Each structure stands twice: as structure tokens, then as C-alpha cells.
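Reading the structure
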Amino acid sequence: MGHVFLMKACDESLPGLINVSDPDNLNTFVSLYFDAKDEHFISHREKVIRCLLNPNEARNFERTMETIQQYLKKSKTGNYAIFASDKNHFFKALSFPVAVKNSLSVDVSPYIHQIAELTDAWQAYTLVLLNSNHAKIFSFSCGEIYDEEDLSADIMNKHKKGGMSQARFQRLRKGSIHVFLTEVVDALGKITQENIILAGPGETKKQFRDMLPIQLRKAVIAEVDVAIDDTCGLVDETKEIIKEKRKEEHRQLFDLIQSEILRNGLAVYGVAETLAAVKNGQVEALLVEKDAAQKGWICEQCQRIEDGTVSVCPGCGKSTSEVNIIEEIIKIAERTGAIIGFSQDERLQKIGPIVGLLRFK
């Protein structure tokens, strides 16, 4: 068995999966998405799959499933994505804090559709919770929270009578706060450059935002008023902010694609047309209808991929394999550096299931 990777972020896993395939074009890669609730799901799918594989593929499938079952027995929680092939000495396991849809498939390469959707839905962001003398920085990735920094400063809060003047006290206090917030700015800049949410009481958030370099200031997407020790519900609130931001980004992307379609410009729609554009490296951004699936075929001999159903490749005459053409488009788009989003926009449902913004025509 190869190495096991437990990733913190969905998007970290994609580069290690999109270029993996069986060198002999055999169905040897098992992809399992499992929530650990339906105890009969895996055994039911195993029986069906085993009957449909050739002897060599079936032996690999059995050995691969033994490795997967050993891993599942040692694990305590659910929501896994596991990709494995005994023949290719490959094993990658991802654990998610969010629900996955149970799926067990065997193909010449890993099935990445669900991970791509999770990456899109659970966009990474950074939360800064602060007041004038205490700051906590959290990173959120794929729905999970990670503590990054916990900073504090010993700053005088009250002026004592008989000592320094009130004016001098205020100047010193403002200076101390400025020094502390500068430290927080430096820490934040080392963690992220995008998708920042500021939270905390009073005017400190505004002062902190004004101190940020222009790039970090532009990355602030929201400010939330909350007491420094009242974080109940704050995580859910910030997740909802990111969710709504993602929806708005998708809406704006579709608006742009729609305007390009209407003037016959830099846009493409329809499965066959989008597939051709993606293969040609033309697609800058892809918008996919959530849960979309459509039949296509691949020739393992010459690697030709098309939509529809064909049993014999018209190019080389070899037998073809059935694929989900949407999955194949997503893989090619990942390889060519395209932005990929998943949407339930009614307009996409009417002309979809997939549209793209083009780099060139």
C-alpha cells in the first residue's frame, strides 16, 4: 500500500488525483465516497462491481477493497473520500467535516467530481477575531476550522488619578494598541492574502482594516460585530457569509457568460461544445450544474473522449468504455488551470448542464 494522506483542504487533493491513471488502461482505481452510516452500501456495490470486471481487474478490486476496509476499521468518524489501486500501489484517503454522497466506482482513474464540488462549496477563508488587546486568527478550509494565531498585549485600560495626565495616558494607550494591531497585521499577511472576515466589538475592526496593506484590505469581504468572548454562532455566521459570497460569484460569472452567449462572444455552452473547448485549452472558467451527469465514452487506446454512446472508437477501431462526460470535462479543465464552479442557477438548468467562459475563440 502507498502513503496515506489526510488533507486539510479539498483543493490540495485535486492536483494529486487529476493526472493519475492506470498505465495499462484497466479499471483498477477504486473511488469510494462514504458517510459511514449505511453499513450495507459498500457490500452491495462490491457484489455488483465484481461481477462486471474481467479476472485481472476483479483480483485487483478485491485486494484494493481489503486495504480500504482495513483503513475504515481503524477510523472513527465518517465522510471519507478514498482513492486506491493495489496494482498501482496507490492509496489516498481524505476526511471531511461535511457530508458526502455515498458512491463506490471503479475506473481507469480516480473519480473527482465530488471533491471538485466540495472545493467549490467550501471555499477557504480566514477569520480574524480581535479587540484592542487580543486577537485570534482562524483558517477555514473544506468546512473545517484551524487555529493559526493567538496574540495578546498588556495594554492599560484605565487612567489612575494622580499619575500622568489623561491626554498623555490616551496617547500612550493608542500607541500601544497601534503596535499590537501592527503585529496582528504582520501575522495575518503571513497566513493569507484573500477571503478575510473581521469580527469583534467596537471600532477596533475599522482601525485594523485601515492599517491593512491595500491587497489585504481588498481581501476583506465582511465585518461582524461580536464580543471577543462571545463566539457562539460566529463560525456558522461566517460560513454563511462565504456561502452567499460564492453564490454571488457564480451569479456574476453566469451573467458574464450570458452576455457573451447573447453576442456570440467568448462563451460556450452544451456538453459537446464545452468538451471541445476544454480539450483545446480555451476555457477560462467553467460553471457546472450541481450533480450533473451525462453519458460519454473514452477510447483507452487513443485516449479520445466524446459525448454520447459508441462501442467502437471511430478513430482507431478499438473498444470504448462508458464514462460520465461531465467528470471528464472537469478533469481536463483542472489540468488546463480553468476556474470551476458548481451552481443551481435556473438559467444554467435551462441551457446546461455546463457552460464556459473562453480565453480566446
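Here the structure is shown first, and the text comes after it.
Worth saying up front: this structure is predicted, and the values here are computed from it rather than measured.

Parameters at a glance
Residues numbered from 1 in each chain as written. Predicted model: local features only at pLDDT ≥ 70, side-chain atom pairs only at ≥ 80, totals over all residues. Heavy atoms only, no water. Pairing = 2+ DSSP bridges. Helix = DSSP H or I, 4+ residues; strand = E, 2+ residues; numbered from the N terminus. Axes fitted to C-alpha atoms, helices over the stretch in contact; angles between N-to-C directions. Contact = heavy atoms within 4.5 Å. Parallel < 35°, antiparallel > 145°, perpendicular 65-115°, else oblique. Nonpolar A, V, L, I, M, F, W, Y, C, P; charged D, E, K, R; others polar. Disulfide = S-S within 2.5 Å. Buried < 20%, exposed > 50% of the residue type's maximum accessible area, 1.4 Å probe, protein only. Patch = residues over 30% accessible without salt bridge, like charges linked within 9 Å, V, L, I, M, F, W, Y side chains within 5 Å. Areas by Shrake-Rupley, 256 points an atom, 1.4 Å probe, with all protein chains shown as cover. Salt bridge = Lys/Arg side-chain N within 4 Å of Asp/Glu carboxyl O. Lys, Arg positive; Asp, Glu negative; His and termini not counted. Charge placed at Lys NZ, Arg CZ, Asp CG, Glu CD. Phe/Tyr/Trp six-rings, centres within 6.5 Å; stacked < 30°, edge-to-face > 60°. Left-handed = near helix turned anticlockwise from the far one by under 90°.

With that settled, consider the sheet that holds strand 15 (residues 339-343). Strands sit in the order 10-16-11-15 across an open sheet of four strands; the sheet is mixed. Among the strands making up the open sheet, the edge pair consists of strand 10 (267-269) and strand 15. Each adjacent strand pair in this sheet contributes to an overall mean axis angle of 15 degrees, direction not counted. Bridging between strand 10 and strand 16 (residues 354-358) involves three bridges; their strand directions are antiparallel. Among the inter-strand pairings, Ala267 is bridged to a residue of strand 16, identified as Leu357. Contacts from helix 11 (residues 325-335) reach strand 11 (283-289), strand 15 and strand 16 within the one sheet, and its direction differs from that of strand 15 by about 145 degrees.

What follows deals with the packing of helix 3 (residues 41-52) against helix 4 (residues 55-74). Pairs of packed helices are described in terms of their axes, by the angle between the two and the distance that separates them. The geometry of helix 3 relative to helix 4 is characterised by a closest axis approach of 11 Å and an angle of 170 degrees between their N-to-C directions. Judged by the inter-axis angle, helix 3 sits roughly antiparallel to helix 4. Between helix 3 and helix 4, the residues in contact are Ile42, Glu46, Ile49 and Arg50 and Ala58, Phe61, Glu62, Met65, Gln69 and Leu72, respectively. Per-class residue counts for the contact of helix 3 with helix 4 are six nonpolar, one polar and three charged.

With that settled, the discussion passes to the state of the cysteines. According to the stated counting rule, one finds zero disulfides in the structure shown. The closest cysteine sulfur to the non-disulfide-bonded Cys302 is located on Cys299, 3.5 Å from its own sulfur. According to the relative accessible area criterion, Cys302 is partly exposed, its value standing at 38%.

On to the sheet that holds strand 3 (residues 90-95). Strand order in this open sheet of four strands is 3-2-1-4, and the pairing throughout is antiparallel. Across the chains shown, the open sheet's two edge strands, defined by having one partner strand only, are strand 3 and strand 4 (103-107). Averaged over all pairs of adjacent strands, the angle between strand axes in this sheet comes to 10 degrees, irrespective of strand direction. The pairing of strand 1 (residues 29-34) with strand 2 (residues 80-85) spans five bridges and is classified as antiparallel. Counterpart to Leu32 in the pairing with strand 2 is Ile82. Contacts from helix 3 reach strand 1 and strand 4 within the one sheet, and its direction differs from that of strand 4 by about 25 degrees. Lying on the sheet, helix 4 is in contact with strand 1, strand 2, strand 3 and strand 4; it crosses strand 2 at an angle near 145 degrees.

Before going further, it helps to spend a moment on a negative patch on the surface. On the surface, Asp147, Glu148, Glu149, Asp150, Glu183 and Asp186 cluster together into a patch of negative charge. Of all the elements in the fold, those that place two or more residues in the negative patch are strand 7 (144-152) and helix 6 (166-191). For the negative patch, the leading source of residues is strand 7, giving four residues. Along the chain, Asp147 turns up in strand 7. Judged by relative accessible area, Asp147 falls into the exposed class, the value being 64%.

This paragraph deals with the environment of Ile340. Along the polypeptide, Ile340 turns up in strand 15. Taking C-alpha positions, Ile340 is 9.2 Å from Gly356, a pair spaced 16 residues apart along the chain.

Attention now goes to the packing of aromatic side chains. As enumerated under the stated definition, the model contains seven aromatic pairs in all. On the numbers, 5.8 Å between centres and 85 degrees between planes, the contact of Tyr33 with Phe83 is edge-to-face. With Tyr33 in strand 1 and Phe83 in strand 2, the pair connects residues that are 50 residues apart, well separated along the chain. Relative accessible area serves as the criterion here: at 0%, Phe83 is assigned to the buried category. Within the aromatic cluster, the residues linked to one another by ring pairs are Tyr33, Phe83 and Tyr111.

Looking now at the packing of helix 10 (residues 271-279) against helix 11. Running from N to C, helix 10 and helix 11 cross one another at 25 degrees; their axes reach a closest spacing of 9 Å. It follows from the interaxial angle that helix 10 and helix 11 lie roughly parallel. Crossing of helix 10 against helix 11: the hand is left-handed. Across the interface between the two elements, Val271, Thr274, Leu275, Val278 and Lys279 from helix 10 touch Ile325, Ile326, Ile329, Ile332 and Ala333 from helix 11. A breakdown of the residues in the contact of helix 10 with helix 11 according to their chemical character gives eight nonpolar, one polar and one charged.

Within the fold, Asp22 resides in the loop between helix 2 (15-18) and strand 1. Look past the residues within four positions of Asp22 in its chain and what remains in contact with it is Thr28, Phe29, Lys87, Asn88 and Val108.

Before going further, it helps to spend a moment on helix 5 (residues 113-121). Most of helix 5 sits out of view: eight of its nine residues are buried. Three or more residues of helix 5 are buried, namely His113, Gln114, Ile115, Ala116, Glu117, Leu118, Thr119 and Asp120.

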